[in-house]
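Summary of structural features
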Amino acid sequence: SLLVMPNRRINLLSVDDVGPPVDVTVAHWEKLQYVKGIDSSRDDTIRALCQEVLSTIREVAQMNALFKEQVVNLVPSSHLFDMNDPYRLADFAASLSSGGDAVDLQSVLEEKDPELRLHKALVLLTKEREVSKLQKEISAKVEEKMSEAQRKYFLTEQLKSIKKELGMEKDDKDTLIEKYRKKLSEYPSIPEDIDEIIESELDKLSTLEKNSSEFNVTRSYLDWLTNIPWGVTTEENFDISDARRILDSDHYGMDEVKEIILQFIAVGKLKGSVQGKILCLAGPPGTGKTSIAESVAEALGRKFFRFSVGGMSDVSEIKGHRRTYVGAMPGKIIQCLKSTESTNPLILIDEIDKLGKDFRGDPASALLEVLDPNQNATFRDHFIDAPVDISKVLFVTTANEIDRIPGPLLDRMEVIRLSGYDVPEKLKIAQQYLVPKSMVSSGLMVKESLEEEKLDNDDGEKEEPDTEKSEKEESESKKSEYTEPVYRLAEKVPESLSINDSALESLVRWYCREAGVRNLAQKIDKITRLLSLQVVAEEEGAKLTEKSSRQSDTWEVSEENLHHYVGKPIFTSDRLYEKDPLPHGIVMGLAWTSMGGTALYIETQGIKRGLDHEGKRRGGGTLKATGQLGDVMKESTQIAYTVARARLADVAPDNDFFDVTDIHMHVPEGATPKDGPSAGITMVTAMLSLALDRPIKSDLAMTGEVSLTGKVLPVGGIKEKVMAARRAGIKTIVLPEDCRRDFDELPDYLKDGITSNYASDYSSVFDVAFGKD
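Quick notes on the rules
- Residues numbered from 1 in each chain as written.
- Predicted model: local features only at pLDDT ≥ 70, side-chain atom pairs only at ≥ 80, totals over all residues.
- Heavy atoms only, no water.
- Helix = DSSP H or I, 4+ residues; strand = E, 2+ residues; numbered from the N terminus.
- Buried < 20%, exposed > 50% of the residue type's maximum accessible area, 1.4 Å probe, protein only.
- Contact = heavy atoms within 4.5 Å.
- Areas by Shrake-Rupley, 256 points an atom, 1.4 Å probe, with all protein chains shown as cover.
- Pairing = 2+ DSSP bridges.
- Axes fitted to C-alpha atoms, helices over the stretch in contact; angles between N-to-C directions.
- Parallel < 35°, antiparallel > 145°, perpendicular 65-115°, else oblique.
- Left-handed = near helix turned anticlockwise from the far one by under 90°.
- Nonpolar A, V, L, I, M, F, W, Y, C, P; charged D, E, K, R; others polar.
- Polar contact = N/O pair within 3.5 Å; in protein donor to acceptor, adjacent residues only side chain to side chain.
- Arc of directions from axis to C-beta.
- pLDDT = per-residue confidence, 0-100.
- Phe/Tyr/Trp six-rings, centres within 6.5 Å; stacked < 30°, edge-to-face > 60°.
- Lys NZ or Arg CZ within 6 Å of the ring centre and 35° of its normal.
- Patch = residues over 30% accessible without salt bridge, like charges linked within 9 Å, V, L, I, M, F, W, Y side chains within 5 Å.
- Salt bridge = Lys/Arg side-chain N within 4 Å of Asp/Glu carboxyl O.
- Lys, Arg positive; Asp, Glu negative; His and termini not counted.
- Charge placed at Lys NZ, Arg CZ, Asp CG, Glu CD.

Things to note about the overall build of the protein chain
Of regular secondary structure, the protein chain possesses 28 helices and 22 strands. Here the protein chain holds 773 residues, and 40% of them are scored as buried. The long-range fraction of contacts in the protein chain, counting pairs at least 24 apart against all pairs at least 6 apart in sequence, stands at 74%. As displayed, the protein chain offers around 43100 Å² of accessible surface, 50% of which is attributable to carbon and sulfur atoms.

Dropping the structure here:
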């Protein structure tokens, strides 16, 4: 820092050189002195100004402590302060001003007239006085508020102390403990070991300070312990007919699932108590796996809780975090018990075949304890760290591909396979569920309530309710009065508006061939949304685009005008090859995918090489396979090639086709990944058709794994494959002998018009495909 002591005032005349150093020309001021007696009126004015300056300095010093301190520090310096010298007094007053602008201070410095200098200094002091007054007012207001808040705080604390002495009020910890005990008293039965843990934690809580971190951890632990519904169960429905009605009202088909639930109810009714069970619903997407679980919960009278484990890789999501972690909380199972307030809910674990696994653990292993009936009676969550009985919980899991579920986990579940829907089933689902639901959501229809129907039937007359009627009688009457929902067209909707059966059948056959009905529901929603737009547009007289406007004279959506609503058909034919018989080397196989069954052609083509200079044929005896085949299917092609060569040697020993010809095998739709061994006999038949130069009938399809010695091994997905065969117009199918039972269990309408042949060895397949010699 630099301390500058003033010496004299000067006027800057010119800057001669900017330097450094700076060379300037200045003019020195003569020393200004005030001489009294020259002008008596001027003397009086200057004396009054001096008194006013001094008075203002005293006033500001009384209001502003910092200003007073500055005055005290400067007064002893006599050369700075002289009451009889107006020049020095004005300079002193200006130096005390902390809020003055530089221009104002400079004007005081430049002024030579004592009266004017005093005036300017007084203006600066007056500004300082006003600022000090404002500062004092602000300080007074703040102190007033602070004192009022303190007064309220002290009075409140005194009131608490008085109430506590009189027993009228307890402190926060006592209130919290009382709340926990009240909550625990509502539960029918608390396990002894859990009760001991809770009492220990309550004693611990009473000794802890409210502001300590341990207090919050203990409080959080007790919150969860007291919110688990110990011994609380919901009353279950043991009425089989009522449960059947509920299941049928929401889902069409799914007889196996419904039968198992009815068996579950019957066992519970005979035993008087119901234990938990673990079911796994496996099937293609869109077949109703998730929604049927909610209907099952309603049919059983249980609370419903759903969580998805697709992509889950953290064990803590299942078994909770340990309490030592910040933000720790129990896993999904304990959270379910708290949210449902019941120990016997139905828990749906969705997408169990898509579990992840990383450094945070393996959730599939954590689920082994949850889904094991012999272990889950003492399930131990990491956060709760005490045994919790979840044996009464009904676990339902869903999966698309059970092959991706770990073996030990799959072993604990009862697997129910949901195959895809065929055309008649999809039509029923669309007519009974999808179309009405879509019409209601689009505003074209309204659902009539039971009360409205009663009012219509009774002509507005109401009966007085019987107050003596018991709840049981009321529930029984509700069950007996269950009727199918009734829908009617909304106001301002044309009476002829509808989607007829021909349009639905065309949707199923040419637009929505997947196993489920999700895509079908989306197409129906698209139709109803466009119908809603057309209805509103015609009512308002609005103009629509050519694509959106109604292009037929009727409001009925039929097969003829369906393309106006959903576009051109996605599928134009059931078969890749229409002519009969098929070209040589081509055979139709049947495959199962996660989306359902499908017809799959196996194409083969022979490539004969030319002769080299020695007269020997170039190439021959090799197999090339394309079509984005998986590892298992690639191995199957090699096995099929060996079996075909062996079979050709038996039926045509003189045929050297495989020796002199390279074989190229292709599975169409090359962008779709394919894998599995079930196309084995189809591949063998395709290569023999090429080698023997004999075609295969176009209405023949087959499926089955082939071993190296020609044995035909069983495969899965028979229902889906038969449905695919019917869709493709197949009349004859070849199945493994061990799959005869699966075919016999199919509904009669699926088997009608299809001739089934069974083979345990490839020779039986050869006889069906090429005819007996």
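Overview of the sheet that holds strand 8 (residues 394-399)
Strand order in the open sheet formed by 5 strands is 4-5-8-3-9, and the pairing between neighbours is parallel. Two strands close off the open sheet at either side, each with one partner strand: strand 4 (304-308) and strand 9 (414-417). Going from strand to strand, the sheet's axes swing by 20° on average, the running direction of each strand aside. The pairing of strand 3 (residues 277-282) with strand 8 spans 6 bridges and is parallel.

Focus: unusual backbone geometry
Even without glycine at this site, Lys492 takes up a positive phi of about 70°. Within the secondary structure, Lys492 is located in the loop between strand 11 (486-489) and strand 12 (498-499). The exposed category is assigned to Lys492, whose relative accessible area is 64%. Residues other than glycine seldom take positive phi values, yet Gln628 does so here, at roughly 55°. Locating Gln628 in the fold gives a position in the loop between strand 16 (623-626) and helix 22 (631-651).

Description of the packing of helix 6 (residues 172-185) against helix 7 (residues 192-207)
Geometry of a packed helix pair, given as the angle between the helix axes and the separation of the axes. Contact pair helix 6 / helix 7: the axes reach a minimum separation of 9 Å and the direction vectors enclose 165°. It follows that helix 6 is roughly antiparallel to helix 7 by the angle criterion. Taken as a pair, helix 6 and helix 7 cross one another with a handedness that is right-handed. In this structure, helix 6 contributes Lys173, Leu176, Ile177, Tyr180, Arg181 and Leu184 to the contact, and helix 7 contributes Ile198, Glu199, Leu202, Leu205, Ser206 and Thr207.

Some details on the pairing of strand 8
When you tally the buried positions in strand 8, you get 6 out of 6 residues, the bulk of the element. Residues Leu394, Val396 and Thr398 point to one face of strand 8 and Phe395, Thr397 and Ala399 to the other, with burial holding for every one of them. Relative to strand 8, strand 5 (residues 346-350) runs parallel, the two sharing 4 bridges. Across the sheet, the residue bridging to Ile347 is Phe395, located in strand 8.

A word on the packing of helix 9 (residues 240-250) against helix 10 (residues 255-271)
Here helix 9 crosses helix 10 at 155°, and the two axes come no closer than 10 Å. Comparing the axis directions of helix 9 and helix 10 gives the class roughly antiparallel. The element helix 9 and its partner helix 10 pack so that their crossing is right-handed. In this structure, helix 9 uses Ile240, Ala243, Arg244, Leu247 and Asp248 to contact helix 10, whose residues at the interface are Asp255, Lys258, Glu259, Ile261, Leu262, Ile265 and Ala266. When grouped by side-chain class, the residues that make up the contact of helix 9 with helix 10 number 7 nonpolar, no polar and 5 charged.

Some remarks on the pairing of strand 21 (residues 732-736)
Most of strand 21 is tucked away: 5 of the 5 residues are buried. Of the pairings in the sheet, the one linking strand 18 (residues 700-702) to strand 21 comprises 3 bridges and is parallel in character. Each bridged residue has a counterpart across the sheet, and for Met702 the counterpart in strand 21 is Val734. Note that strand 21 and strand 22 (residues 755-759) share 5 bridges and pair parallel. Looking across to strand 22, one finds that Thr732 is bridged to Thr755.

Section: the side chain of Ser689
If you trace the backbone, Ser689 turns up in helix 24 (residues 680-692). Using a relative accessible area of 0% as the deciding quantity, one classes Ser689 as buried. Within the structure, the side chain of Ser689 is placed 2.6 Å from the backbone oxygen of Arg694, a separation counted as a polar contact. Excluding anything up to four places from it in sequence, Ser689 contacts His584, Gly585, Arg694, Pro695, Ile696 and Phe770.

A word on the environment of Ile190
As for its placement among the helices and strands, Ile190 is situated in the loop between helix 6 and helix 7. The spatial distance from the C-alpha of Ile190 to the C-alpha of Ile228 is 10.0 Å, given a sequence separation of 38 residues. Contacts of Ile190, omitting those with residues within four sequence positions, involve Leu184, Asp195 and Trp230.

Some remarks on helix 9
Every buried residue of helix 9 is listed here: Asp242, Ala243, Ile246 and Leu247. All buried residues of helix 9 fall inside an arc of 135° around its axis, so they share one side.

Structural notes on the confidence of the model for the protein chain
Averaged over all residues, the pLDDT of the protein chain equals 83, while 88% of them reach at least 70. Within the model, pLDDT remains below 50 along residues 458-465, and this stretch shows 2 contacts once partners closer than five positions in the same chain are excluded. With pLDDT under 50 throughout, residues 474-482 is counted as low confidence; its partners more than four residues away or in other chains account for 10 contacts.

Details of the packing of aromatic side chains
Applying the stated criterion across every chain yields a total of 6 aromatic pairs. The ring of Trp510 has Arg509 sitting right over it, with the charged end atom 5.3 Å from the ring centre.

Structural notes on a negative patch on the surface
Judged by side-chain charge, Glu192, Asp193, Asp195 and Glu196 come together as a negatively charged surface patch. Within the secondary structure, Asp193 sits in helix 7.

Topic: the pattern of salt bridges
By the definition in use, this model includes 24 salt bridges. Notably, a salt bridge pairs Arg245 with Asp242, separated by 3.8 Å at the nearest N-O pair. Residue Arg245 and its partner Asp242 are located together in helix 9, separated by 3 residues, close to a single helical turn. By relative accessible area, which is 11% here, Asp242 ends up buried. With a shortest N-O distance of 3.8 Å, Arg244 and Asp255 are connected by a salt bridge. One end of the pair, Arg244, is in helix 9; the other, Asp255, is in helix 10, with 11 residues separating them in the sequence. Overall, the relative accessible area of 23% leaves Arg244 in the partly exposed class. Overall, Asp255 belongs to the partly exposed group, its relative accessible area being 48%. A network of salt bridges, in which partner residues are shared, links Arg244, Asp248, Asp255, Lys258 and Glu259.

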